[in-house]
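Commentary on secondary and tertiary structure
Next come the chains, spelled out residue by residue.
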Amino acid sequence: MLALLAGVSPHLAAVEARMGRVLASRQPRVQTLIDGLLPFHGKMLRPALLLLTAEACGGVRDPHIGYGAALELIHTATLIHDDLIDDADLRRGKTTAHVRHGNTSAVLLGDYLYTHAFDLAAGIGDLRALQRLTATTNTICAGELHQQLAARDLDCTEAEYDAIIYAKTAALFVLAAQAPALLGNASESARQSMADYGRAIGLAFQIVDDVLDYVGDPAKIGKPSGGDLRQGLITLPLIRYIEMHPGDPEVGVLLAKKDGNHPLIATLIEKVRHSSAIQAALDEARGWVEQAQRALECLPLSIYTQALSDLTVTIVERAM
Ligand code: IPE
Ligand code: IPE
Ligand code: MG
Ligand code: MG
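Residues numbered from 1 in each chain as written. Chains lettered and ligands numbered in written order. Predicted model: local features only at pLDDT ≥ 70, side-chain atom pairs only at ≥ 80, totals over all residues. Heavy atoms only, no water.

Bringing the layout of surface pockets into the picture now. Put simply, the largest pocket is a space of about 1200 Å³. The wall of the largest pocket is formed by 48 residues, among which Leu 79, Asp 82, Arg 91, Asp 209 and Lys 223 lie closest to the centre. Elements with a minimum of two residues in the lining of the largest pocket: helix H3 (45-56), helix H4 (62-86), strand E1 (90-91), helix H7 (127-150), helix H8 (158-183), helix H9 (188-215), helix H10 (218-221) and helix H11 (227-230). For the lining of the largest pocket, the element with the highest residue contribution is H4, accounting for eight residues. Grouping the amino acids of the lining of the largest pocket by side-chain chemistry returns 16 nonpolar, eleven polar and 21 charged. (1 Å grid on protein atoms, 1.4 Å probe; cavity = no way out; pocket = protein on both sides within 12 Å on 5 of 7 lines; lining within 4 Å. Points joined across faces, edges and corners; volume = space filled by probe spheres on them. Helix = DSSP H or I, 4+ residues; strand = E, 2+ residues; numbered from the N terminus. Nonpolar A, V, L, I, M, F, W, Y, C, P; charged D, E, K, R; others polar.)

A separate point is the coordination of the magnesium ion (ligand 3). Only Asp 82 (OD) and Asp 86 (OD) from the protein reach the magnesium ion (ligand 3) as donors, at distances of 2.1 Å. The two metals, the magnesium ion (ligand 3) and the magnesium ion (ligand 4), are separated by 4.7 Å. Taken together, the positions of Asp 82 and Asp 86, both in helix H4 and four residues apart, correspond to about one turn of that helix. (Donors = N, O, S within 2.8 Å, 3.2 Å for Na, K, Ca; no water.)

Quick look at the nonpolar core now. In this structure, Leu 49, Tyr 67 and Tyr 197 are the most contacted members of the largest nonpolar core, which totals 94 residues. In this structure Tyr 197 touches Leu 49, Ala 177, Ala 292, Ala 295, Leu 296, Leu 308, Leu 311 and Thr 312, once residues within four positions along its chain are discounted. (Core = buried A, V, L, I, M, F, W, Y, C linked by side-chain atoms within 4.5 Å. Buried < 20%, exposed > 50% of the residue type's maximum accessible area, 1.4 Å probe, protein only. Contact = heavy atoms within 4.5 Å.)

Here H7 spans 34 Å end to end across 24 residues, near enough to the 34 Å set by a 1.5 Å rise per residue. In this structure, the buried residues of H7 make contact with H4, helix H6 (103-123) and H8. At the N-terminal end of H7, a side-chain oxygen is found 3.1 Å from the backbone nitrogen of Arg 128, two or three residues along, and the residue is Asp 126. Downstream of H7 by one or two residues, Arg 152 has phi in the positive range, about 65°. (Expected span 1.5 Å × (residues − 1). Polar contact = N/O pair within 3.5 Å; in protein donor to acceptor, adjacent residues only side chain to side chain.)

Any functional reading would require information beyond the geometric quantities listed.
Quick look at the structure:
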């Protein structure tokens with residue numbers, strides 16, 4: 001766990017326990033599948049962000065634990081489905097669900113997590129919070145779909161990339177940061193500031209993830225790298241590379257080939273990796289980090305707001 005999350009670590013443990021409780025099945029075969037999933041949690045960033053925001057706004061209450069668990073269940077479900085779509089074999093340092101259990105069980109496991117997340121959030125008894133969770137899940141699915149439809153299309157603009165990463169990633173960070181305001185009585189301005197913070201940190205986070213797909217060490221990030229280009233995904237490092245090398249015909253030719261194993265793909269990954277496109281993409285992420293920090297200025301200074309601020313910096317430092 002990140003050191004700066006230590007202040008909320010007992011609450012994070014409660015979130016994890018809640019996830020285990022809601023996923024529990026009387027059917028031993030299903031329970032075995034769940035037992036294989038839960039110990040390999042990731043960074044728990046979304047519930048951590050929710051809990052830090054809750055502490056910064058007056059304290060953690062039981063609905064925050066339940067809602068944080070629901071967010072992490074949604075996130076984990078998207079990853080199980082995403083790994084199947086990407087045919088990725090490693091996640092959180094471990095063999096992915098579809099490789100271990102087959103595609104059908106992985107789809108159903110993702111569905112099992114989604115539906116339990118909705119059930120858990122419904123049990124909190126706040127219709128507005130439930131509606132935001134379902135709407136955000138719709139947004140994530142639309143973002144993943146948009147990404148697939150824009151793959152291999154060199155007409156995919158930076159504005160389109162921004163819309164995709166907002167939908168597939170930042171929207172859930174917005175909900176995590178806003179949840180305490182949603183579940184409490186925060187002012188409209190506090191709610192807006194937390195949405196601005198979530199959006200900015202979420203966009204920075206996905207840009208850095210897209211940079212790590214070019215420069216990351218799979219052993220450190222716990223998942224494969226190089227997959228985005230192999231799948232024809234046009235992410236910010238590639239967008240910047242194309243801008244900087246307008247005469248490079250290889251990009252269009254390779255994207256059109258639809259062959260992720262083409263030997264020239266590895267060459268292009270190396271070219272992007274060693275180009276200034278990487279720093280240019282990270283500069284963009286740093287810009288969002290500054291915006292996230294500005295959005296926090298509306299909250300009273302505490303160790304929790306400091307942790308929310310430090311978290312933004314940690315996100316970009318992962319790729320440096
Ligand atoms: C991975 O998210 C998916 C993206 C949005 C880039 P995380 O990096 O938060 O995944 P885990 O939960 O820590 O494994
Ligand atoms: C995040 O994007 C996926 C979802 C929001 C489902 P990525 O596709 O970049 O995530 P990783 O790199 O596989 O973790
Ligand atoms: Mg992926
Ligand atoms: Mg990625």
